[in-house]
Amino acid sequence: MKNVGFIGWRGIVGSVLLERMIKKKDFDYINTIFFTTSQFGQLIPFNIQNKCKILQNAYDIEILSSLDIIITCQGSQYTNKIYSKLRLIGWNGFWIDASSYLRTSINSVIILDPINLNLIKKKIDIGIKTFVGGNCTVSLMLMALGGLFQDNLIEWLSVSTYQAASGAGSNFMRELLLQMKFISEIPNFTKNYTNILDIDKKISKNIKKNNFPQKYFSVPLAGSLIPWIDKKVNDGQTKEEWKGQFETNKILNTKNIIPIDGICVRIGTLRSHSQSFTIKLKQQLSLDNIQNIIKSHNKWVKVIPNDMNNTINNLTPVAVSGKLDIPIGRIKKLNIDKNCFSAFSVGDQLLWGAAEPLRRMLKLLLDY
Ligand code: NAP
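These notes cover the structure that comes with them. Just so it is clear, the structure is predicted and the values come from calculations on it, not from any experiment.

## Brief notes about unusual backbone geometry
In the Ramachandran plot, Asp 230 falls in the positive-phi region, its phi being about 75 degrees despite a non-glycine side chain. Relative to the assigned elements, Asp 230 resides in the loop between β9 (225-226) and α8 (239-252). For Asp 235, which is not glycine, the phi torsion reads 55 degrees and is therefore positive. Structurally, the position occupied by Asp 235 is in the loop between β9 and α8.

Given below as structure tokens:
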């Protein structure tokens, strides 16, 4: 059995990965050693059959270098600190990572096997050992529109995202809940006789209070939104927006870059990201044709009929959280151009957008 180190299991991506691996019985086929950056020496707080019951130090290069495979959901700072140290001392194991730090490296593959399994296999065959999960919205977009990309039908794509608080990590998700609690602490707000404008004024006042919980987001998210995710890069883009074109084209291994851009927005949902697309095709296709191409690509994408009932029941974060399904709806031609159409998609960013490609990569390596 391969020795596999698991780092970042306490975070939100790591917790979902752990949950999925337990469900799929993946731990039966590996010797797992659990690491921590903050609690080494403590007992592992869950019951999985493994060699070591004690949490190991995630900065201990000697133990890490004895592993065949390292799977990390700890984040870019950790990868930045540890990855090159390990490679410099000659560690030649497989590194599977949820963070973005190594995505731009020429020696890494961004993994999303329903889209780029052949590329992943080719890279394993030539000795590549570093496999990185993609940006959550990019992976979800590719799962939704994979058929159109596969048939090389997309001329360009513009996207507006609606990203959940958990996309920023556990502490941000907790903070959104604290913010929700804070703004809803208004006496009598459920009573019909209370004037709605009085309620509105009290909420606005609460949000502006000095003790409003905003240590992580810096500003209110509950009752608001934040049209900026990650740091600024070139030409007015944020890093999150920049990843759309770079990562999509790297995953698809395109010869000619497919232009992708848009605006990424954090909204006050807890889990699952949504995206609204404007897509220009290289040729005119009927809506039936477009829908057939989309739904025949993979077993998780589900085309939702463009009517109110189906949309409000099936095309929301609430409908999709905790599921691998990728619903896509609001598919309609646009007045703008005969080759343009719109679509709206939702997906659990903690599954296909984070944990699931890592889990499947581990499985692929074990079976290879
Ligand atoms: P996270 O929840 O903040 O967890 C990362 C680490 O933070 C944990 O392993 C834990 O390490 C530590 N931590 C500190 N306070 C914590 C708390 N209150 N609860 C749980 N853990 C806490 O981050 P994440 O969202 O899982 O992201 C991990 C990596 O995946 C990042 O690079 C991120 O960019 C990437 N990613 C995230 C998503 C997403 O939707 N969240 C999607 C795709 C990729 P110790 O146990 O060692 O202290």
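That shown, we press on.
## Quick word on the site of the ligand
In the vicinity of the ligand, 25 residues are found, and the nearest of them are Arg 10, Thr 37, Ser 38, Ser 170 and Asn 171. In the model, an oxygen atom of the ligand is placed 2.9 Å from a nitrogen or oxygen of the Gln 74 side chain. Burial of the ligand by the protein amounts to 81% of the accessible area it has alone, namely 870 Å². When contributions to the shell around the ligand are tallied by element, the ones reaching two or more residues are α1 (12-23), α6 (170-183) and α12 (351-367). In the shell around the ligand, the residues fall into seven nonpolar, 16 polar and two charged.

## Regarding helix α9 (residues 287-295)
Within α9, burial applies to Ile 290, Ile 293 and Ile 294. Mapping the buried residues of α9 onto a view down its axis gives an arc of 100 degrees, with all of them on the same face. Those residues of α9 that are buried lie in contact with α5 (136-150), β12 (273-281), β13 (301-303), β14 (326-333) and β15 (340-347).

## A few points about the environment of Arg 266
Along the polypeptide, Arg 266 turns up in strand β11 (residues 266-267). Taking the C-alpha atoms as reference points, Arg 266 and Ile 226, separated by 40 residues in sequence, lie 5.0 Å from one another. Once residues within four sequence positions are removed from consideration, Arg 266 is found in contact with Gln 163, Ala 164, Ala 165, Gly 167, Ala 168, Phe 217, Leu 221, Leu 225, Ile 226, Ile 229 and His 273. In terms of polar contacts, Arg 266 uses its side chain to reach the backbone carbonyl oxygen of Ala 164, at 2.9 Å.

Parameters at a glance
Residues numbered from 1 in each chain as written. Predicted model: local features only at pLDDT ≥ 70, side-chain atom pairs only at ≥ 80, totals over all residues. Heavy atoms only, no water. Helix = DSSP H or I, 4+ residues; strand = E, 2+ residues; numbered from the N terminus. Near = heavy atom within 4 Å. Polar contact = N/O pair within 3.5 Å; in protein donor to acceptor, adjacent residues only side chain to side chain. Areas by Shrake-Rupley, 256 points an atom, 1.4 Å probe, with all protein chains shown as cover. Nonpolar A, V, L, I, M, F, W, Y, C, P; charged D, E, K, R; others polar. Buried < 20%, exposed > 50% of the residue type's maximum accessible area, 1.4 Å probe, protein only. Arc of directions from axis to C-beta. Contact = heavy atoms within 4.5 Å.

Function cannot be read off these values alone, since they describe shape.
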